[in-house]
Amino acid sequence: MKRIVHYILALTLLSGIVSCDNPLKDFNLLISTEVIKHSTTLEVLDTNGQPVNATIKLLGGDTQDIYNISGYKDFKLVSNLVNFGVDPKREPTAAEPIRFQVEIAATGYITQVVDVTISDANNGIMHIRLAKPVTVPDGAVVVNKTFGIDASGALPTESKIEVAGEEGVNIDITIPQGTQFIGADGKVIVGKALTVSATGFDPQDPDALALFPGGRYQADGVTLANGSSASGTFNPAATTTINMVIDGVPVRQFSKPIAIEMEISEGFTLGNGAPLTAGTILSTFSNSAYDPTWTHEQDTPIKSSGSGYSVAFQVSHLTTFLAGEFRESCAPVSIINFSADWIEQGFTYPVNVEAVQNGLVIASRTYSISSDTKSIGMDYLPASGVQIVVRSTVNNSIIAQTALAACGSATNITIPNPNPVVEPKVTLQLYVRCPDKTDPITLLPTFQLYYRVAGTGAFQYLGAVHNGFISTSLLKSDGTKYDFRAVWKERTKTVNAKSVQADNSGTVGIKPGDILGEKAGATNLGILIEECNKL
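Residues numbered from 1 in each chain as written. Predicted model: local features only at pLDDT ≥ 70, side-chain atom pairs only at ≥ 80, totals over all residues. Heavy atoms only, no water.

On to the overall build of the protein, then. Within the protein, the secondary structure is distributed over two helices and 35 strands. The burial tally for the protein puts 54% of its 535 residues in the buried class. Considering only contacts in the protein between residues 6 or more positions apart, those separated by 24 or more positions represent 67%. Accessible area of the protein: about 22200 Å², with a carbon and sulfur share of 48%. (Helix = DSSP H or I, 4+ residues; strand = E, 2+ residues; numbered from the N terminus. Buried < 20%, exposed > 50% of the residue type's maximum accessible area, 1.4 Å probe, protein only. Contact = heavy atoms within 4.5 Å. Areas by Shrake-Rupley, 256 points an atom, 1.4 Å probe, with all protein chains shown as cover.)

Set out below in structure tokens:
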């Protein structure tokens, strides 16, 4: 397996959290020089927020520069997270970030292909939700129909598929008489029955976003009407995904164009704020499972459709079609700088940051904000009309918002304390002392830390632990017991029912007062001696 050639390093001991009576007891230490400086994280769950056994594969782009945090070309989910790091020989910037595509696939789920961007800013955690074809999220409707075909593989009569539901999603598909269906090999498929699965979903409904290619509105490498390629954000008015098979063989193209009419979402608003009227031109784009990039199909006028509006067009291939607007980004990555008293005081906080345009959340990520990571990056945002909204991860309340700065300028936001009930500062700090050394080692890991009140529901994000240190007011030092989960490289460490005190620091070693770990002390000592000899 390929690894970064000059990836150095040493210690791989256990990683730690603390208990009130003995900080870091029962935790192993992870020690690293953190050769990979720039990275991003994807969180992969299903639409119900449950873990998914998904495989991760790099598809295209700057993949030659991408490794996992251990320096290998091996990517897998660890506690629902997968990390991508940049070869230290490559220095990304906001103007010239690393760009690549990732395929996320799981048995029984719709495969997603996600555009990923890494700059030199805090890239945060991108949330990917996988949907099951048989489980329809709110805001979506699925219709399946079967039609007979003749011996030549042609449809004997004109056939229609209507998709309609309480969500206001209405799609009409018309397949002309005599249409033949073509497979991946370019040949007409001959069989007994054509099965059509048509999904209509309201792109303005956040629950239906799991059905949108890539799971988000940002996209790179979009082919425009003039044939050029651009990155940016879609403002979708209507979307449908159509799949067809003949006796189990997937259809890719048709001998005759099929007609599609899609109702425009009631929540759709033009980017310039102008009212919708018949004759307004929208663009249609397609995205296929076998070539997962967006391509301009045609410009289509809106037509009046009863109490609302719709767009009608013809296509000769499958599978996902979007009508709306595409807004090119002025830069691959927009930089947002945070400032606050609590940042200067050394606190770390997780926040959710949204980019909103015309009332639609077009981008959302979770960031761990601290003095070392107070500049964040959001990719492919439109050049104007965007609001940046910062929310608390505790109760989802808005703690700050401002307009995205003009193209080419960073956005500056001062944010108050995200914790609605400010607790005393709790500090967690890890050190390591080699058996033959007097001074502790300060080469400590950076990892993601989650917490919950002991025995309660899902883990919540506490933040990134940088160099073994985090300072937070999200934990109480009044004896409340917590379960902690640390995720670093290919390891996950969970400890249960631990209380914390205001200052939780400890040194792993064998000197008086040092901590070696009660559950695997002998093993830890062996690793400690072996790895210290490499320093």
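Back to the write-up after that little detour.
A few words now on the packing of aromatic side chains. All told, the structure shown has 16 aromatic pairs when counted by the stated rule. Note on W342 and Y349: the rings are 4.8 Å apart at their centroids and 85° apart in plane angle, and the pair reads as edge-to-face. Accessibility expressed as a relative area gives 1% for Y349, which makes it buried. Among the aromatic residues, those joined into a cluster by ring pairs are F212, Y217, F234, F285, W294 and F326. Residue placement shows K73 over the ring face of Y67; its charged tip is 4.5 Å from the ring centre. In this structure, K425 packs its charged tip against the face of F347, placed 5.0 Å from the ring centre. (Phe/Tyr/Trp six-rings, centres within 6.5 Å; stacked < 30°, edge-to-face > 60°. Lys NZ or Arg CZ within 6 Å of the ring centre and 35° of its normal.)

This part takes up the sheet that holds strand β22 (residues 333-339). Strand order in the open sheet formed by three strands is β25-β22-β28, and the pairing between neighbours is mixed. At either margin of the open sheet sits one strand with a lone partner, and together these are β25 (375-379) and β28 (411-414). Shown here is a sheet whose adjacent strand axes are inclined to one another by a mean of 30°, direction ignored. Judged from the five bridges that link them, β22 and β25 form a sheet pairing that is antiparallel. (Pairing = 2+ DSSP bridges. Axes fitted to C-alpha atoms, helices over the stretch in contact; angles between N-to-C directions.)

Judged by nonpolar contacts, the single largest core of 59 residues is most densely connected at F234, F338, M378, I388 and L449. In terms of residue count, the dominant contributor to this core is strand β24 (residues 360-369) (five residues). Non-local contacts of F234, meaning those with residues more than four positions away in its chain, are made with F212, Y217, A219, V222, F285, W294, L322, E325 and F326. Membership of the second largest hydrophobic core comes to 38 residues, among which are F181, A238, L282 and A323. (Core = buried A, V, L, I, M, F, W, Y, C linked by side-chain atoms within 4.5 Å.)

In this section: the environment of I56. Note that I56 resides in strand β2 (residues 55-61). Its relative accessible area of 11% is what places I56 among the buried residues. Contact partners of I56, with chain neighbours within four places excluded, come to F75, K76, L77, V82, F84, V102, E103 and I104.

Turning our eyes to something else, we now look at the confidence of the model for the protein. With 84% of its residues at a pLDDT of at least 70, the protein reaches an overall mean of 83. Under a pLDDT of 50 for its full length, residues 506-510 has, in the predicted model, 25 contacts with residues more than four places off or in other chains. Contacts of residues 514-531 to residues separated by more than four positions or lying in other chains number 40 contacts, the stretch itself having pLDDT below 50. (pLDDT = per-residue confidence, 0-100.)

Turning next to the sheet that holds strand β23 (residues 349-357). Ordered by their spatial adjacency, eight strands build an open sheet running β3-β4-β1-β7-β24-β23-β26-β27, and the pairing between neighbours is mixed. Looking at strand neighbours, the two that pair on one side only are β3 (66-67) and β27 (398-403), the edges of this open sheet.

Turning to unusual backbone geometry, a few remarks are in order. Of note in the backbone geometry, S79 takes a positive phi value of approximately 50° without being a glycine. Examined against the element boundaries, S79 turns out to sit in the loop between β3 and β4 (81-86). One non-glycine residue, Y380, lies in the positive phi region at around 60°. Within the secondary structure, Y380 is located in the loop between β25 and β26 (387-392).

This part takes up the pattern of salt bridges. Under the criterion given, the structure shown has 14 salt bridges. One salt bridge connects K303 with E261, and the closest N-O pair in it is separated by 3.4 Å. One end of the pair, K303, is in strand β19 (residues 303-305); the other, E261, is in strand β16 (residues 253-263), and 42 residues separate them in sequence. Note that D379 is salt-bridged to R365, the shortest N-O span being 3.4 Å. A residue pair is termed long-range when its members are at least 10 positions apart, and D379 in strand β25 and R365 in strand β24 qualify at 14 residues. (Salt bridge = Lys/Arg side-chain N within 4 Å of Asp/Glu carboxyl O.)

Glancing now at the state of the cysteines. Tallied over the full model, the rule gives one disulfide. The side chain of C330 participates in a disulfide bridge whose partner is C407; the two sulfur atoms lie 2.4 Å from each other. Handedness here is read from the sign of the S-S torsion; for C330 and C407, about 120°, the answer is right-handed. Here C330 is found in the loop between β21 (320-328) and β22, whereas its partner C407 is found in the loop between β27 and β28, with 77 residues between them in sequence. Looking at C330, the relative accessible area reads 33%, which means it is partly exposed. (Disulfide = S-S within 2.5 Å.)

Our next topic: the environment of N80. Here N80 lies in the loop between β3 and β4. By relative accessible area, N80 is classed as partly exposed at 23%. In the structure, N80 is positioned 38 residues away from L42 in sequence and 8.2 Å away in space, judged by C-alpha atoms.

Our focus in this paragraph is the pairing of β22. As paired elements, β22 and β28 share four bridges and run parallel to each other. The residue bridging I336 from the neighbouring strand is T411, located in β28.

Let us look at the side chain of D202. Turning to its location among the elements, D202 is positioned in the loop between β12 (193-201) and β13 (218-223). Buried and without a salt bridge, D202 has R327 as its closest oppositely charged side chain, separated by 14 Å. Those residues within four positions of D202 in sequence are excluded, and the remaining contacts are G139, V169, A208 and S265. (Lys, Arg positive; Asp, Glu negative; His and termini not counted.)

β21 sits mainly inside the fold: seven of its nine residues count as buried. Sheet analysis places strand β14 (residues 229-246) next to β21, joined by nine bridges and oriented antiparallel. When the sheet's bridge partners are listed, T240 is paired in β21 with F321. Inspection of the sheet shows strand β17 (residues 281-288) paired to β21 by five bridges, in the antiparallel sense. Counted as the bridge partner of T284 is A323 from β21.

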